[in-house]
Amino acid sequence: MVMVKNLLSYLFVGLAALLPRAFALGRYLTDDEANFWMRRSHAWLEAITRGDWAATAISTHPGVTTMWLGSAGLVLREALLDWGLLGGVDFPTALAFFRLPPVLAHVGGALLGYWMLRRLLPAPLALLAAALWALDPFFIGYSRLLHVDALAGTFATLSLLAACCALQRQAAPEAPPRAGAPWLVASGAFAGLAMLSKSPAVAVAPAVALAAWLAAWRRHGAPRPRAATIAALAVWGLAAAATVFALWPALWASPLDAYAELRTGVAVEGAQPHMTGNFFLGRRDEAPGPLYYAVALPLRLTPWGLVGVLLLPLAWRRAPAEGDYRPFLAALAAFAVIFVVALTPFPKKFDRYLVPIAPSLAILSAAGLYALAQTGRAAAAQRRGAALIAAICAAAMANAAWWHPYALLAYNQLLGGAPAGAATFRVGWSEGLEQVADWLNAQPDITGVAVTAERTTSLNPYLRRGAQADYPVDGQLHRENGYVVVYIAQVQGGPPPPPFNRFYGAAVPLHTVRLHGVDYAWIYQVPPPVAHARPADFGPDLALLGYDQEEEEAQPGQPVEIELTWQAQDRLTEDYWLFAHLVGPDGRRFAQIDQPYQTSQWKPGRFVAAELPFPLPADLPVGTYRLLVGLYDPATGQRLPLAGAPAADPALSGPNALELLKLTVH
């Protein structure tokens, strides 16, 4: 029975880690994947295939594990194609193959972490810690990507867990002199993988050293580390160095090039504000100050995660005398603190840089929540603890499902959720642009016009064949431009650059992509060219752009073909009528028509071309005439008020009439 429960607990952790990461894996493409990591994985695989080891010094992060895993996805995809097990590959499927190996690495990391947590913590606490790790939406969002931050977090956490297992083994009374050495080697190897993922993961080293120092102090009652402790740390460091050397071929052939890449990442890229700017606390801020991560941490925690972290002092006080896990908690907390402190001086800041400490914070929060459940008598505490763990796990599963597949937007609901995150930090890594593409793909004219957008590399892969999005050149729209896409990152803290500023806040969007209560993208129709601009507003919701006329001169008895271009600026519930009056030089009305418009069916933001075939009387005298137009409600006869252009003399055609054009009749 115990074995069955254990197996079920592993199954639960595995599914909790797998399901929110594996579903809809090709849903959207982030900027860094589109611009860097997919191409780098191709370059990595080519370099490995031809044995050009020096060419694997590709990224400053260094992102070695990311490129290994991305290459594995490429190899798997090609193998399935060669074996005939996979048909044609569309872009979402190709992207899913890139992301699948990292996802499996995170799932395996969560299971392995749970196995080690069971050695370090009481079984219920270990299960809660693993569940919160697996179901943390902030961590889920980034562990679904072909990227570096989450991999650094998984490997760094495994390194800390393995180091604590080693120290626990060494502390056992019957432990032999070299007890825990395999765990130390494993910890060093995981640390090497973390550093190969992203260089700031080097913060795991002082955290492991602190854990070893605390363990030695408790074991020997002396604050100074003994030779055994120094030897253990040396083993750990050698294992980390060996892993880095073994898995980064550039170190075999050209270590100086590899070092130059790393130095560029830390000393050059990290020391400069981000090239595309930043946003913090409601305004554009190129280099946010030391308050940045102090604000980001609580906002990126779950509601129960925040409560659990605040309860850590209780967990510290209530730790059992036998099986005391406080050194383990201290190591995790030290890693989180060291990591944040190390990041803070750099001007280049994003809240996603906190991803590597997310598993540590999940485990720490689990300890705080578990301590709360253990208050009171033992039997009652046990029942209460089981109920609390079940409730938190259920809430965590529901929360992960709520944010799916846009877990990148996950912010603490207690502090305002996604809207608070968008008001505080720069958001938008191209999530939602696949919905923009879905809408554009449904437009019948999309293959005949161009789309102007900023995030073209993340939008184009989802557009159907024949459609194309382009970046504006010198702030100008492209020829044959039909649509403009404005994205949230362009408008945080101020208006977007040209030509997007001509649309955002100044025109009515045809469609808005809204994610978790936040508008992320706006799609505008570009005004079609008109031969004669005649801008005017009729009422609050109808605008005239201008008109086209086939013939500038007219003949009596022949119709004048005019095409008016309109735009509804909001949803209309009425069908209005157009009146057109032909007024002679003497002010006399010679002809008129009333034409119904199905304005209730006009989509807000969409430009509508409406024909106005105006018949001229056969006995119309030669001369110059004025064509006056306006709109009215047929039910009441009330005309829509004219604005934005001067009204004609009411004596000629009544109030709110616009002089559209002059017509010469021969």
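See the structure printed just above.
The sections below set out a description of the structure shown in this document. Just so it is clear, the model here is predicted, and its values are computed rather than measured.

1. Focus: the overall build of the chain
Line of reasoning, step 1. Summing up its helical and strand segments, the chain has 23 helices and 17 strands in all.
Line of reasoning, step 2. Over its C-alpha trace the chain gives a radius of gyration of 33 Å, far above what one expects of a compact globule, namely 26 Å for 666 residues.
Line of reasoning, step 3. Summarising its shape, the C-alpha atoms of the chain cover approximately 120 × 65 × 50 Å along the three principal directions.
Line of reasoning, step 4. Counting only residues that meet the buried cut, the chain has 53% of its 666 residues in that class.
Line of reasoning, step 5. As displayed, the chain offers around 28300 Å² of accessible surface, 62% of which is attributable to carbon and sulfur atoms.

2. Points about the sheet that holds strand β8 (residues 532-538)
Line of reasoning, step 1. One open sheet holds the 5 strands; their spatial order is β14-β11-β9-β8-β16, and the pairing between them is antiparallel. With partners counted over all chains shown, the strands left at the sheet margins are β14 (607-615) and β16 (642-643), one partner each.

3. Examining the state of the cysteines
Line of reasoning, step 1. What the rule picks out here adds up to 0 disulfides.
Line of reasoning, step 2. Counting only cysteine sulfurs, C164 is the nearest neighbor of C165, a cysteine outside any disulfide, at a range of 7.3 Å.
Line of reasoning, step 3. Classification of C165 by relative accessible area gives buried; the value is 2%.

4. Digging into the packing of helix α8 (residues 181-197) against helix α10 (residues 227-247)
Line of reasoning, step 1. Between α8 and α10, the shortest axis-to-axis distance is 7 Å and the interhelical angle comes to 45°. The angle between α8 and α10 falls in the class oblique. Taken as a pair, α8 and α10 cross one another with a handedness that is right-handed. Taken together, the residues of α10 that come into contact with α8 (itself represented by L184, V185, S187, G188, A189, A191, G192, L193, M195 and L196) are A232, V235, W236, A239, A240, T243, V244 and L247.

5. Focus: the sheet that holds strand β13 (residues 589-596)
Line of reasoning, step 1. Here we have 5 strands laid out as an open sheet, ordered β10-β17-β15-β12-β13, and mixed in their pairing. Only two strands of the sheet have a single partner each, and these edge strands are β10 (553-554) and β13.
Line of reasoning, step 2. Of the strand pairs in this sheet, strand β15 (residues 623-632) and strand β17 (residues 658-665) are connected by 7 bridges, and their pairing is antiparallel. Of the residues in β17, the one forming a bridge with L628 is E659.

Definitions and limits used
Residues numbered from 1 in each chain as written. Predicted model: local features only at pLDDT ≥ 70, side-chain atom pairs only at ≥ 80, totals over all residues. Heavy atoms only, no water. Helix = DSSP H or I, 4+ residues; strand = E, 2+ residues; numbered from the N terminus. Rg over C-alpha atoms; globule rule 2.2 N^0.38 Å. Buried < 20%, exposed > 50% of the residue type's maximum accessible area, 1.4 Å probe, protein only. Areas by Shrake-Rupley, 256 points an atom, 1.4 Å probe, with all protein chains shown as cover. Pairing = 2+ DSSP bridges. Disulfide = S-S within 2.5 Å. Axes fitted to C-alpha atoms, helices over the stretch in contact; angles between N-to-C directions. Parallel < 35°, antiparallel > 145°, perpendicular 65-115°, else oblique. Left-handed = near helix turned anticlockwise from the far one by under 90°. Contact = heavy atoms within 4.5 Å.

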